[in-house]
Structure formats: C-alpha cells, structure tokens
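# Structure at a glance
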Amino acid sequence: MLQVEDLGGAWELRAESGGITLPATVPGCVHTDLMNGGRLEDPFLDDNEAAVAWVGRTDWRYNRDVAWNGPEHERIDLVFEGLDTVAAIELDGTALDATRNMHRSYRYDVTTLLDGTPRPLTVRFTSAYTEAERVRDLVGPRPNAYPEPFNFIRKMACSFGWDWGPTLVTAGIWRPVRLEGWSTARLAEVRPLATYDGTGRLDVTVGVERTRERDLHARVLLDGREIAVLQLPAGATLAQAVVDAGDVTPWQPRGYGEPALYDLTVELLDGGHVLDRWQRRTGFRTVEIDRTDGGFVFHLNGKPVFVRGVNWIPDDIFPSRMTRERYERRLREAADAGVNLIRVWGGGIYEDRAFYEVCDELGLMVWQDFLFACACYPEEEPLASEVAAEARENVVRLAPHPSLVTWNGNNENLWLREPCGWPEQPGGDLSWGETYYLRTLPAIVAELDPSRPYQAGSPWSGSWDHPPNDPDHQTFHSWDVWNRQDYLHYRDSAPRFVAEFGWQAPPAWTTLRDAVSDEPLLPDSPGVLHHQKAEDGNGKLARGLAPHFGTPADTEAWHYLTQLNQVRAVRTGIEHWRSHWPRTAGTIVWQLNDLWPVTSWAAIDGAGRHKPLYFALRELYADRALTIQPGDDGGLTVAVLNDHADEWTGTLLIERQDTGGEVRATVTGRVSVAARSVALVPVPDAVAGFGDPAGELLVARLEEARALWFAVEDRDFAYDDPGLTVDVEAVAGGLDVRVQAVALARDVLLQPDRIHPRAVTDRGFVTLLAGESTVYHVRAPIELDAGLVKAPWVLTDLSSVLRRTP
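None of these values were measured; they are calculated from a predicted model. (Residues numbered from 1 in each chain as written. Predicted model: local features only at pLDDT ≥ 70, side-chain atom pairs only at ≥ 80, totals over all residues. Heavy atoms only, no water.)

A few words on the sheet that holds strand E21 (residues 297-300). Note: strands within a sheet are paired through backbone hydrogen bonds, in either parallel or antiparallel orientation. Strand order in the open sheet formed by three strands is E20-E21-E22, with antiparallel pairing between adjacent strands. Looking at strand neighbours, the two that pair on one side only are strand E20 (287-290) and strand E22 (303-305), the edges of this open sheet. Ignoring strand direction, the axes of neighbouring strands in this sheet form an average angle of 35°. Where E21 meets E22, three bridges bridge the pair, whose relative direction is antiparallel. Counterpart to histidine 299 in the pairing with E22 is proline 304. (Pairing = 2+ DSSP bridges. Helix = DSSP H or I, 4+ residues; strand = E, 2+ residues; numbered from the N terminus. Axes fitted to C-alpha atoms, helices over the stretch in contact; angles between N-to-C directions.)

On inspection of all chains with the given rule, the structure shows 64 salt bridges. Notably, a salt bridge pairs arginine 104 with glutamate 386, separated by 3.1 Å at the nearest N-O pair. Residue arginine 104 is located in the loop between strand E7 (94-100) and strand E8 (106-109), and its partner glutamate 386 is located in helix H6 (residues 383-398); the two are separated by 282 residues in the primary sequence. (Salt bridge = Lys/Arg side-chain N within 4 Å of Asp/Glu carboxyl O.)

With respect to the element layout, asparagine 469 can be found in the loop between strand E27 (454-455) and strand E28 (475-478). Along the chain, asparagine 469 and valine 110 lie 359 residues apart, while their C-alpha atoms are 50 Å from each other. Beyond its immediate stretch of four places on either side in the chain, asparagine 469 contacts Trp415, Pro459, Thr475, Phe476 and His477. A distance of 2.8 Å separates a polar side-chain atom of asparagine 469 from the backbone nitrogen of histidine 477. (Contact = heavy atoms within 4.5 Å. Polar contact = N/O pair within 3.5 Å; in protein donor to acceptor, adjacent residues only side chain to side chain.)

Attention now moves to the sheet that holds strand E32 (residues 636-642). Strand order in this open sheet of three strands is E31-E32-E35, and the pairing throughout is antiparallel. The open sheet terminates on both sides in strands that have one partner only, identified here as strand E31 (624-630) and strand E35 (677-682). With strand direction ignored, the average angle separating the axes of adjacent strands in the sheet is 20°. Direction of pairing for E31 relative to E32: antiparallel, over a ladder of seven bridges. Of the residues in E32, the one forming a bridge with arginine 624 is asparagine 642.

This paragraph deals with empty space enclosed by the protein. Evaluated as defined, the whole model comprises four cavities of 30 Å³ or more. Of the volumes computed, that of the largest cavity is approximately 80 Å³. Residue lining of the largest cavity: Tyr256, Phe306, Arg578, Trp581, Leu641, Asn642, Asp643, Arg676, Ser677 and Val678, and that is the complete set. Taken together, the elements giving at least two residues each to the lining of the largest cavity come down to E32 and E35. Residue composition of the lining of the largest cavity, by class: five nonpolar, two polar and three charged. Of the pockets and cavities examined, the second largest cavity occupies roughly 70 Å³. (1 Å grid on protein atoms, 1.4 Å probe; cavity = no way out; pocket = protein on both sides within 12 Å on 5 of 7 lines; lining within 4 Å. Points joined across faces, edges and corners; volume = space filled by probe spheres on them. Nonpolar A, V, L, I, M, F, W, Y, C, P; charged D, E, K, R; others polar.)

The subject of this paragraph is unusual backbone geometry. Omega for the bond connecting valine 26 with proline 27 falls within 30 degrees of zero, at -5°, which places this linkage in the cis form. As for its position among the elements, proline 27 is in the loop between strand E3 (21-26) and helix H1 (30-36). Following tryptophan 590, the chain continues into glutamine 591 via a peptide bond in cis, with omega recorded as 5°. The residue glutamine 591 is located in the loop between strand E30 (586-589) and helix H14 (612-620) in this model.

The next point concerns the packing of helix H12 (residues 537-549) against helix H13 (residues 555-578). As a packed pair, H12 and H13 sit with axes 10 Å apart at the nearest point and diverge in direction by 80°. Put simply, H12 runs roughly perpendicular to H13. Taking contact as the criterion, the partners of Asn538, Leu541, Gly544, Leu545, His548 and Phe549 in H12 are, on H13, Trp558, Leu561, Thr562, Leu564, Asn565 and Arg568. For the contact of H12 with H13, the class distribution of residues is six nonpolar, five polar and one charged. (Parallel < 35°, antiparallel > 145°, perpendicular 65-115°, else oblique.)

Scanning the entire structure with this criterion turns up 44 aromatic pairs. Judged by centre distance (5.4 Å) and plane angle (90°), the ring pair of tyrosine 129 and phenylalanine 160 falls under edge-to-face. Here tyrosine 129 is found in helix H3 (residues 128-139), whereas its partner phenylalanine 160 is found in strand E10 (residues 160-162), with 31 residues between them in sequence. Aromatic pair tyrosine 146 and tryptophan 162: ring centres 4.5 Å apart, planes at 45°, arrangement tilted. You can see tyrosine 146 sitting in the loop between H3 and E10 and its partner tryptophan 162 sitting in strand E10, a full 16 residues away along the chain. Residue classification places tryptophan 162 among the buried positions, given a relative accessible area of 5%. Through successive ring pairs, a cluster of aromatic residues spans Tyr146, Phe150, Trp162, Trp164, Trp345 and Trp590. Of note, arginine 57 hangs over the ring of tyrosine 129, and the distance from its end group to the ring centre comes to 3.7 Å. Above the ring of phenylalanine 710, the side-chain terminus of arginine 746 is found at 3.6 Å from the ring centroid. (Phe/Tyr/Trp six-rings, centres within 6.5 Å; stacked < 30°, edge-to-face > 60°. Buried < 20%, exposed > 50% of the residue type's maximum accessible area, 1.4 Å probe, protein only. Lys NZ or Arg CZ within 6 Å of the ring centre and 35° of its normal.)

Positionally, isoleucine 289 belongs in strand E20. The class for isoleucine 289 is buried, based on a relative accessible area of 11%. Placed 165 residues apart in sequence, isoleucine 289 and tyrosine 454 show a C-alpha to C-alpha distance of 9.1 Å. Non-local contacts of isoleucine 289, meaning those with residues more than four positions away in its chain, are made with Phe296, Val297, Phe298, Thr406 and Pro453.

The terminal C-alpha atoms of helix H8 (residues 434-448) lie 21 Å apart, and with 15 residues this matches the ideal 21 Å at 1.5 Å per residue to within 8%. Of all the bends in H8, the greatest reaches close to 30° and is centred on threonine 440; the proline proline 442 follows between one and four positions later. Looking at H8, one finds that the buried residues are Tyr436, Tyr437, Leu441, Pro442, Ile444, Val445 and Leu448. Packed against the buried residues of H8 are strand E13 (185-196), H6, strand E26 (404-408), helix H7 (413-416) and E27. (Expected span 1.5 Å × (residues − 1). Bend = angle between axes of the 7 residues up to and from the residue.)

What follows deals with the packing of H13 against H14. The interhelical angle for the contact between H13 and H14, taken along N-to-C directions, is 20°, at an axis separation of 9 Å. The orientation of H13 with respect to H14, classified from their angle, is roughly parallel. Crossing angle aside, the handedness with which H13 passes H14 is right-handed. Contact residues: Gln563, Gln566, Val567, Val570, Arg571, Ile574, Glu575 and Arg578 in H13; Pro612, Leu613, Ala616, Leu617, Glu619 and Leu620 in H14. Tallied by class, residues from the contact of H13 with H14 come to eight nonpolar, two polar and four charged. (Left-handed = near helix turned anticlockwise from the far one by under 90°.)

What follows is about the side chain of serine 127. Turning to its location among the elements, serine 127 is positioned in the loop between strand E9 (119-126) and H3. Among the polar contacts listed, one links the side chain of serine 127 to the backbone oxygen of glycine 56, at a separation of 2.7 Å.

Let us look at the nonpolar core. Within the largest apolar cluster, 170 residues are counted, with the highest numbers of intra-cluster contacts made by Leu78, Trp162, Ile173, Phe355, Phe370 and Leu617. With 10 residues, the top contributor of residues to this core is H13. Discounting residues that sit within four places of it in the chain, tryptophan 162 has contacts with Tyr146, Phe150, Ala157, Trp345, Ala373, Cys374 and Lys533. By size, the runner-up hydrophobic cluster in this structure holds 31 residues, among which are Tyr196, Leu222, Leu232 and Leu268. (Core = buried A, V, L, I, M, F, W, Y, C linked by side-chain atoms within 4.5 Å.)

Structure, rendered in structure tokens:
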C-alpha cells in the first residue's frame, strides 16, 4: 500500500542575498514567515504595503533535511502540491527541476537519492518579477489593465495588486509537500464524471504509473458497493468504463432539493493486494446552459435555475493561510445569504479541495474561471505549454465535484481588448490569448470533462458576431454604472445574465480603524486613500452619494452613507433584474469577500466582518420577495418574485401612507404566482398618485414579504423625528437590542463592532414603519457593556444622519 510521509512543518528560510535567516513554516510563504519571525511590519497597516515591496523583489531559499523512514518500496517520490512560483529544487545537491507555475503540482522520483539518512532538500525561489520581466523581454510586451507584469507568469495575478487588493508578490511552498513510497503501481489519475438522467451514470477513467508490468485491476465502489471492475493488463496505464450507478438521489443546488453525495472509492489491486486507494465524495447531476436566442439559463437536472450568485476572490492575499474551517465559515455565510452560485474569479487561484468539498455539501454551484484576467496573455513558449498543463491538471483535479457546473475561459480579456485600445498599445498586435479561450481550453474541457459546459469568457456574447459585452447575448458585466452613472441606470436594460456588477463601500468601522492610524481619520486622509485601490474610487463614491444624500457632514456620516448607498445600488440592480426572469437568468454580485482591509465592492470585509450589504443579500436573494418597479410609462408595478418550488398564493396589499402611518390610499387583491416565476401587478393610479411626495411612501405586503417605494430622493424627503426608543437586555452570549419607532425610521443601523471588536449582529439596515419594532441580536464571546449601545454611532438612523448633512 502506498505510504505517505508529510514534509510540512518546520523549515529554514534564507534570503539568497544574505542577511536574513529564520525559521519557516510549510505550507506558507515568505511574507508570513517574515511576519511570524518579527522581521516584517504588518503590510495591512497604513502604507506598510509599500515598505515591504522589497520582499517580492528578493530571491529566497527554503531548506530542511529529509529521509525516508517508512517501509522499503520500489519507488520514493517527492511531491509538491504547489510551489509559488519560480522554483529550483535540489535534493542532496542533485537538481530535480525548475518550475514556473503556481497552479500546478510536481512529482519527482527520488528513489536513488533517499534512504534513512537525512539529506538536505533545498527549494530556491527566484523573484516572480525577475521571471515575468524575463518572459516579457523574450516574447515582447503585452497590454494589461494594471501596471504590473502578471500576464507573463502563471501565478495568482492579484498578488501583483488589483483595484481592491495590495501589491504583495509572494513566494514559497504554498501547498503541502510530502514523500510517497509505493511498489508495483500507483493511481496517477482518477477522473469520475458523474451525471444523472433518471438514474446515475458514472464515466470513470483510471490512470496508473508502474514499476512492474503486471496484470492489475481497479475496483470502483459507491458507498461501499462495488459497481465496476476495470482491468489493467500488463503494460496498460489507462482504463475507462461507463457505469450505471443505479437508483441514486441526484445532487441538487440550494433551493432545489438535497445536495446528495456518495462516497466514491477506487482501489488499485494486484491480485487481492491493495496497492493504492483514492477516495472522494461525489454527486450525480446533469448541467446544461441554454443559450437559445442569446440567453444564458443554467439547467440543473433538466430544471431552469435563476442564479443568485456572488463573485469570489482569494480570501487572503496569502492563500497559504486558508484552512478548511475558514472556507467553511465563508461559504456558509454565502449560503445563509441566499446565494446558490459562487464564481471563482480568474485573477485568483484554483482553490483548495476543501473549498469545492464545502460547496458540494452546501449545494452551492461553482462557476470556475480559468486563470486569466484583464490582460493580453502571450501564446508563445514558455507560457503556452504551462497553460495547457495547468488546465489539464485542474480539470482532472476538480472533476469529482458536483458543485462545479461550468468552466469559463477568462475574465474580461475578450471584452477589454477593444474598449481599452489594447491593439494600439505596445505589443497589442502580437498574440493575446484568443487561441487559449477559443481553441486550447475548450478542447481540453471537451476531452477531459464533457459533462460540464464551457464558455469562452465572461463577459462573452457567444461569438464575434456581437460585441463581447452585449447585454442581449449571454453574459454581461455592468461596470459603466459604477464608473460613470448613478445606480438608477441599472434599470435601463435587462441583460440576459449579469455576471458582474457592484458598488463600493468602506469596510466596517473597526476594520478601517485597525488598518488606518490617521488622526484625524477622514475620507481622503492618506491611510484611507491607501486602502482605496480603485481609480478615482472616492470620487465615484462621492458622486454616487450626491444625488441621493448630498455631502456627508463628517467621516462617520460618510461611512454610514456610503455603506447605505452600496446597499441601495445593489438592491436596485438585483430587484430590477430579478423582475425580468427568465429573460435575465441570474446575477453574480461583485463581490462576496475581501483579502485585506479596503474600501471595495465586498459584502464581507477583509477582517471577516459583515458589511450591511451582506444582510441585504439575504433579502435580495430570498426565495420569495416583493419589489416595486417603475415602468416606462411612468407608472409603478409590484413584481412578485417566486423562486420557490411551490406556487405563491395570497392577498397582496398595496397602500400609500404618511410617515406617521396614516393610510392615504389602499388596494388589495389575490395573487397566484406559479413556482419559479414572476408576476407583475400594476399599482393603480389612485394609490400611486402621491399627494405629498416628500412625506408619503408606498408599501406593498404579501405574507412576510414587503417592499417600499419613495417618490423623491432622501435629500428631498421630509423625514420627521422617528421617536426611536431603545431597550437593551443582557442575554446569554450578548445583548438583545429592541428598537421601536413612533414614526417612519428609515435605515436604522446597529454597528456591533463599535460596541466591541468581536461583537456581531444578525441584521443590517432596517426600515421601521410607524409603530414597528425590531430586535438586533448582538453576540460576542465576552460580556458586553449594555451602556455602549447608546454611544455615538452605535445605533443610527438615516434621518439623524441627514439632519447633520449640510
């Protein structure tokens, strides 16, 4: 049986230029080792990012002694699951290889180099800048969206900086490393493609590596039940079979049923002796994308699915710090917000196995980008062969996961080429990646994973017959609104599928204060601006606020209003586009998470704190919801959104009331909305005709769902004092904070981190109508001071903020 000896843990790290030697931890990276050793300031604090830039320009060396202490085997392999990035490996003075790809694993036969005596193992890392600049000089320049050479090296692109991330160019043994001892043969590849069409179907391919030419066989077991035996006669290295798995429960995405999983085991045997064993959990489902007439509708097991998605970036700029527990926490947060699809964005990494396993368990569909983003990518060597090898390995590695529903060729490269004028820039007339997206990658997917649809890019209209970012054809990225327009312009169109859109806001107050030591702290103070990476980001925030709220009175008001505006913007987009189902077949919000403390589009900030947008997503992505939408004719319509397996029947109430709760007009009617559909109910003029636009609002109710409509902007609305009363009760684990309103209290917000850095709550902005109340459940691992609830800015409502605004 194959034996494993883990080589993780204690190593030694040295700067090749001398002067630095310290203990290192593997898996890890140079930055974290230097921080742990007290040799590097926290790069997240103030402008330390610039002060630590030398780390990415330095060459490094990892050392440790290794020996094989296991039973005697015919073959001993040294296996690296990930090297970041440009590495030269030596064992006992013998050069094994030179690597240049962070996204691949590496295996070396070291049988003749190892025994029970410790031997020195050295991994030398050349600066990623040195390699990227070497390749650029070799193949010629290529345009990209950021002033760093990330498109010349197969490495996590966003480590070179992005419009939400720092430039912290890493190096190190970032994934596990081990020795493996084996004899006769080992499993080199297991590729199961599990589909469902009334019964389960398993297309399984088994590849072996041999030291002996013997007749072997592979047993395939599903939940311990043998369903196939694949023969591997002497000399054969590959076997494949299509197996009827029988009456299985299909894997379903969230909201459509159980994400049923089965234990899949493949054993490689020599006679009755097990040589190697491979085990995963998998699920049976069939996925298609209906692109008829320019559409883009996911079908899981034959049923159309409205995608309620979020974009995922690496959750840490130092991805070696990620753990299964952290993946599970973040993905559960997504699931709890009503999300059913995670898009793994192309400027990051192919995530750890744990990421996909948790998605399998939670019923979260995964859209996986191949790792190309916002640039022209050379198609020459030494990159072309690396791209193909990387793609082949990761398609096979991720094949067992039922959550993975589509492969996407790149992020924005097909689109940005013309709008950004790349053909006219230096290198713009050279190869730029089109061959990868339209030929290389689809061919690899067709060969290795025909069970999943491939798309050439995001956005992509399906062909060059239409502009890549055509809202009427397939996937669309809506960035003109954030960059140039007010968010109300989201209502101008109904794209077929919105794969990216978003609005910025700063992180939670404590996250911002922990990262920025400016005194006074201002929206444009140096540290705040350093943690704003978007071009003219604060200018766009200010222009976004102006038509709705005016100019904030101070930093605290700016913080509150920009977080509110982020919610308003995303709400405007999602509610509008959901009301156009099935024409608009999904939205993927940019973005779920951050990888450091920054003003960004994220719903969860870089410290893991929930911004108000996170709680808003729970409402926006609820199975059943109401929204009031304006029509082209000037009228109003209630859209009844029923993304549920059952019909939604009830009495819809629409009323116009003043801020004190007095009803000025009302209408009721029975509605019956079919499963997975939308009904549009016009608001009668008698109700929609505002007598006092600055003092009235519309309210629509159906069961527990509610929608509001205001006829004028907040800066023009006559908000009265809502007469809030606040009662705080100490309970086990924290505080219950009950807030009651005498009159309309719009966008009440409790910021738990202002009570204690470790405090959390269960809701964000809450609008209370006259006489209504809500309870914020504030929890923390320590006893909380109830008196702090009444400290400045802990509990705030919009009217009190606007009264401070000039």
